[in-house]
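# Reading the structure
The lines below spell out each chain.
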Amino acid sequence: GFIRSYSLDTITIKNKEEGIFYNPYQIIYYTPYEPSASSSYLLKVTVDNKTVTAQTNLVNDFSISKPSAGSKFIMFRPGTDGDIEWTSAKYGKRYEILIRYKFKEVWQNSPDTVYRYVDWSMGTKKSAEDEGGEEMKVSYSNDGFYNFLDNYIPYDDAEAESNVKERYTNDVDFIIAVAAVELNTYMEVNEPSNSIIQERPEYTNVSNGTGIFSSRYRNIRTKKLHPETIEEIQTQLPWLKFVY
């Protein structure tokens, strides 16, 4: 049944990317409140004498089982594979998984520490249903981890890279972002097509209008790099200048 309603306020954002709507300035409607994952949300927009509606459930929280919460450290042992495992979320459908490697840099000509990160994408997985409770996993190559660091950490500009005095390892985040069914369908419809016919069906879940009213959720497990892995980075990739 009906619990309560919220009115939306307007705010203008100044950095919107190019696309179908106005940019860089765009009016956004928002409301600050803590949504309830167990509730269904109905959007109602009245323009002149026309009413536009849409409805969505919210993607629920879900648990990551690997890397486990128990250990403080993550190890990337050469010659082996690693796994990321989780249980699917209620109302979730499309999972994008990435490993974010965070690090710090000290430059020759600057007293400031520069904080950077590089994202290693594990691709996309889709759950069979959106009821939640499915066991899901992706695997990665630990050797691939070192190749990834080698390819993405150094600056493309040789001068900028030579200006890096030393680097320091920081945390590693395992990030799982999940989209609800409607958002997944919209993304599927707009995925690059191999077809000669470029006409795409216009997907919307909005009545009397066009758009997507949906939900997404993000879960993160943060680890410290195991000392053996730090040593491996220093041994295998000395030109990356990691002090620890």
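As a starting point, this report considers the structure included with it. Chains are numbered independently. Their residues run from 1 in the order of the written sequence. Local features are withheld for residues below a pLDDT of 70 in this predicted model, meaning they are given only at 70 or higher, and side-chain atom pairs are given and counted only at 80 or more; totals for whole chains, interfaces and linings count all residues. Excluding hydrogens and water, the side-chain figures rest on all heavy atoms present in the structure.

## A few points about the packing of helix H1 (residues 142-152) against helix H4 (residues 227-236)
Where we set the bar: Working convention: axes come from line fits to C-alpha atoms, limited for helices to the stretch in contact. Angles between N-to-C directions cover 0 to 180 degrees. Labels follow the DSSP assignment, with helices taken as runs of H or I lasting at least four residues and strands as runs of E lasting at least two, numbered in each case from the N terminus. Angles are sorted into four bins: roughly parallel if under 35 degrees, roughly antiparallel if over 145, roughly perpendicular if 65 to 115, and oblique for all others. Left-handed is the label given to a crossing in which the near helix is rotated counterclockwise from the far helix by less than a right angle, and right-handed is the label when the rotation is clockwise. Every residue pair with non-hydrogen atoms within 4.5 Å of one another is taken to be in contact. For this classification, Asp, Glu, Lys and Arg are treated as charged, while Ala, Val, Leu, Ile, Met, Phe, Trp, Tyr, Cys and Pro are nonpolar and the rest, including Gly, are polar.
Running from amino to carboxyl end, H1 crosses H4 at an angle of 55°, the nearest separation of the two axes being 11 Å. In terms of axis orientation, H1 runs oblique to H4. The chirality of how H1 crosses H4 is right-handed. Of the residues in H4, those in contact with Phe145, Tyr146 and Leu149 of H1 are Thr229, Glu232, Ile233 and Gln236. Classifying every residue of the contact of H1 with H4 by side-chain character gives four nonpolar, two polar and one charged.

## Thoughts on the sheet that holds strand S4 (residues 50-57)
We count it as follows: Only when DSSP finds a minimum of two bridges between them are two strands counted as paired.
Pairing in this open sheet of three strands is antiparallel, and the strands run S3-S4-S12 from one edge to the other. The open sheet is flanked by strand S3 (40-47) and strand S12 (206-207), the only strands paired with a single partner.

## Side note on the packing of aromatic side chains
Rules: A pair of Phe, Tyr and Trp rings is counted when the ring centres sit within 6.5 Å of each other, with Trp represented by its six-membered ring. The angle between the planes then sorts it: under 30 degrees is stacked, over 60 is edge-to-face, the rest tilted. Each residue is assigned to one of three classes by its accessible area relative to the maximum for its type, calculated with a 1.4 Å probe on protein chains only: buried under 20%, partly exposed between the two thresholds, exposed over 50%. Comment: the charge-over-ring label is applied if NZ (Lys) or CZ (Arg) is within 6 Å of the ring centre and within 35 degrees of the ring normal.
Inspection of the entire model under this criterion finds 18 aromatic pairs. Note on Trp86 and Tyr95: the rings are 5.7 Å apart at their centroids and 45° apart in plane angle, and the pair reads as tilted. Both residues of the pair, Trp86 and Tyr95, belong to the buried class. With a centroid separation of 6.1 Å and an interplanar angle of 70°, the aromatic rings of Phe103 and Phe242 are classed as edge-to-face. Separated by 139 residues along the polypeptide, Phe103 in strand S8 (residues 92-107) and Phe242 in the segment after H4 bring together distant segments of the chain. The same class applies to Phe103 and to Phe242, which are both buried. Taken together, the aromatic side chains of Phe76, Tyr101, Phe103, Trp120, Tyr140, Phe145, Tyr146, Phe148, Tyr152 and Phe242 make up a single cluster linked through ring pairs. A cation over an aromatic ring shows up here: Arg100 above the ring of Tyr117, its NZ or CZ 4.0 Å from the ring centre. Arg116 extends its terminal NZ or CZ atom over the ring of Tyr155, reaching a point 4.3 Å from the ring centre.

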